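# Observations on the three-dimensional arrangement
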Amino acid sequence: MNAILEEIAAKVYAGKRLSREDALALFRCNDLAWLGQLANFAKKEVCGDYVYFNVNRHINLTNICVSQCKFCAFGCEKDDKKAYAMTKEEVLRIAKASAIDPDLREFHIVSGLHPDWPFEYYVDIIRSLKRELPNIHLKAFTAVEICYFAKISGKTVAEVLKTLLAAGINSMPGGGAEILSDRVRAELCPNKASRAEWLDASRTAHNLGIKSNASMLYGHIETIEERVDHLLALRSLQDETAGFQTFICFPFHPVNTALEGQITRTMVWDDLKTMAISRLVLDNFKNIKAYWVMLTLPIAQLALGFGANDMDGTINEEKIIHAAGAKSATALSKEKLIEVIRAAGAIPVERDTMYNVVRKF
Ligand code: V47
């Protein structure tokens, strides 16, 4: 073990903050077991042996999207044969059918940036969902979608958020952050919110009392420095607002994207290393999510030994990452999640979206 890594370990055990250079040194380190031990220490300081999950339902209103991000296999143009756009009636039908499950607590709503729908359409869907199913938490619209709504409606981001809050959203998912670097965004996703716009929309949401999540899409064209700077930007905003609930790392899935053939799926070594370093750098985030859909269930379970304390939910049914070739299931039972968490030696805790404990198993 070299002196720099020993100093980093000493900092972690003393609860001190890691620097940019520390984070870069951790990415250069390939002692995975050591990284896992350190990340797990940091995790246990925050949440002991609890590992959270929830019972949720994903609803993707449309895959028609003006953004055309190079890393995305879900979004498409209006005339694509796989294009779909849900009516309000369809959304309500799916929502009501899922709500038959008495444990269902959350609708996770992330969609394409539709070229024709007015902002009022989204507001109407939220208002109707809240009216019909008032007890289900609406975790709806990423910061990218919020910026798009501001653009198409002529409203400010704050006005958009206030309107959605009044209609019934309860929190926001963490997608759309990708890599918070203007270089990467200019190459992969020039048609959507910039680094500054994503951060500003999250800040505005937090200032209005709306909690949100944060994410990082890694394993494409980004450098390790850009990964570290991304984490530091999130840490700095969290210092300011304390409005992020969870951080999620998304390993890039290339199948059916514009990058297929140029970039291959990340390897498990990188997945676990990135998970551990995220836990260590994001010292002001309580929850680090091992999103089983993207990691696959075995790697997500392993990630519980690398700083993760949350497995997301039952999901039913995932579309975005399955469009990009994910081999995982599109849904999991609550029993399976409990079994997977228990087998990792942790205590499964069913939570609501705001991390209130529903039940310990
Ligand atoms: O922003 C898209 C990612 C995100 C690919 O907040 C891809 O709890 C890998 O927001 N390979 C959308 N990743 C999903 C999202 C989300 C999902 C689960 C939980 C939460 C939460 C939020 O999916 C996008 C993008 O970063 N993504 N395409 C791909 N080919």
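Up top you'll find the structure we're talking about.
This section reports on the structure supplied with the text.

Criteria and thresholds
One numbering rule holds for all chains: residues counted from 1, following each sequence as written. In view of the model being predicted, local features appear only for residues whose pLDDT reaches at least 70, and side-chain atom pairs are presented and counted only at 80 or more, with totals across whole chains, interfaces and linings using the full set of residues. To obtain the side-chain values, all non-hydrogen atoms of the structure were included, while hydrogens and water were left out. Counting from the N terminus, the helices are DSSP H or I runs at least four residues long and the strands are E runs at least two residues long. Our radius of gyration is a C-alpha quantity, and the globule rule it is checked against amounts to 2.2 Å times the number of residues to the power 0.38. Classification of residues uses two cut-offs on accessible area relative to the type maximum, computed with a 1.4 Å probe and protein chains only: under 20% is buried, over 50% is exposed, and between them is partly exposed. Any two residues having at least one pair of non-hydrogen atoms within 4.5 Å are treated as being in contact. Only protein atoms enter the calculation, which uses a 1 Å grid: trapped sets of points that fit a 1.4 Å probe without letting it out are cavities, open sets showing protein on both sides within 12 Å along at least five of seven lines are pockets, and any residue with an atom within 4 Å of a point is a lining residue. Grid points are joined across faces, edges and corners, and a volume is the space filled by probe spheres set on the points. Each residue is assigned to one class: nonpolar for Ala, Val, Leu, Ile, Met, Phe, Trp, Tyr, Cys and Pro, charged for Asp, Glu, Lys and Arg, and polar for all the others, Gly among them. The near set for a molecule or strand comprises every residue that places at least one heavy atom within 4 Å of it. Throughout this description, a polar contact denotes any pair of N or O atoms lying within 3.5 Å of each other; where both atoms belong to protein, one of them has to be capable of donating a hydrogen while the other can accept it, and for residues adjacent in sequence the pair is counted only when both atoms sit in side chains. Accessible areas in this description were obtained via Shrake-Rupley with a 1.4 Å probe; residue shielding takes into account the shown protein chains only. Just a note on the criterion: a molecule sits in a pocket or cavity if more than half of its atoms are within 2 Å of the grid points. Every axis corresponds to a line fitted to the C-alpha atoms, with the helix fit spanning only the stretch in contact, and the corresponding angles, defined between N-to-C directions, vary from 0 to 180 degrees. Here roughly perpendicular refers to angles of 65 to 115 degrees, roughly parallel to angles under 35, roughly antiparallel to angles over 145, and oblique to all remaining angles. By definition, turning the near helix anticlockwise from the far helix through less than a right angle yields a left-handed crossing, and turning it clockwise yields a right-handed one.

Per the secondary structure count, the protein chain includes 14 helices and 11 strands. Against the compact-globule benchmark of 21 Å for 361 residues, the protein chain has a radius of gyration of 19 Å, which places it among compact chains. Here the C-alpha coordinates of the protein chain stretch approximately 60 × 45 × 40 Å along the principal axes. Within the protein chain, the fraction of its 361 residues that count as buried is 58%. Restricting to contacts in the protein chain with at least 6 residues of sequence separation, those with at least 24 account for 74%.

What follows deals with the layout of surface pockets. Put simply, the largest pocket is a space of about 810 Å³. Lining the largest pocket are 45 residues, with Phe71, Cys72, Val110, Glu178 and Ile320 positioned closest to its centre. Only helix H6 (143–153), strand E6 (211–218) and strand E7 (244–251) provide two or more residues apiece to the lining of the largest pocket. When its residues are assigned to classes, the lining of the largest pocket shows 21 nonpolar, 16 polar and 8 charged. At the level of elements, helix H1 (3–13), helix H3 (32–47) and helix H11 (268–281) are the ones that each hand at least two residues to the lining of the second largest pocket.

Before going further, it helps to spend a moment on the site of the ligand. In the vicinity of the ligand there are 25 residues, among which Phe71, Gly174, Gly176, Glu178 and Lys289 approach most closely. Here an oxygen atom of the ligand and a side-chain polar atom of Lys139 are 2.8 Å apart. One of the side-chain nitrogen or oxygen atoms of Asn213 is found 2.9 Å away from an oxygen atom of the ligand. Coverage of the ligand by the protein amounts to 96% of the 610 Å² it exposes when considered alone. More than half of the atoms belonging to the ligand lie within 2 Å of the grid points that define the largest pocket. Residue contributions to the shell around the ligand peak at 3 residues, all from E7. Among the residues forming the shell around the ligand, the class breakdown is 14 nonpolar, 7 polar and 4 charged.

The next point concerns unusual backbone geometry. With an omega of 5°, the peptide bond between Asn316 and Glu317 qualifies as cis. Topologically, Glu317 is positioned in the loop between strand E9 (310–313) and helix H14 (334–343). Its identity is not glycine, yet Asn256 carries a phi of approximately 65°, on the positive side. Assignment of secondary structure puts Asn256 in the loop between E7 and H11.

Two numbers describe how helix H7 (residues 157–167) lies on helix H9 (residues 195–207): the axes approach to 10 Å, and their chain directions differ by 45°. On the basis of their axis angle, the class for H7 and H9 is oblique. Considering only the axes of H7 and H9, their crossing is right-handed. Mapping the contact onto sequence places Val157, Ala158 and Leu161 in H7 and Ala201, Thr204 and Ala205 in H9. Each residue belonging to the contact of H7 with H9 can be placed in one class, and the counts come to 5 nonpolar, 1 polar and no charged.

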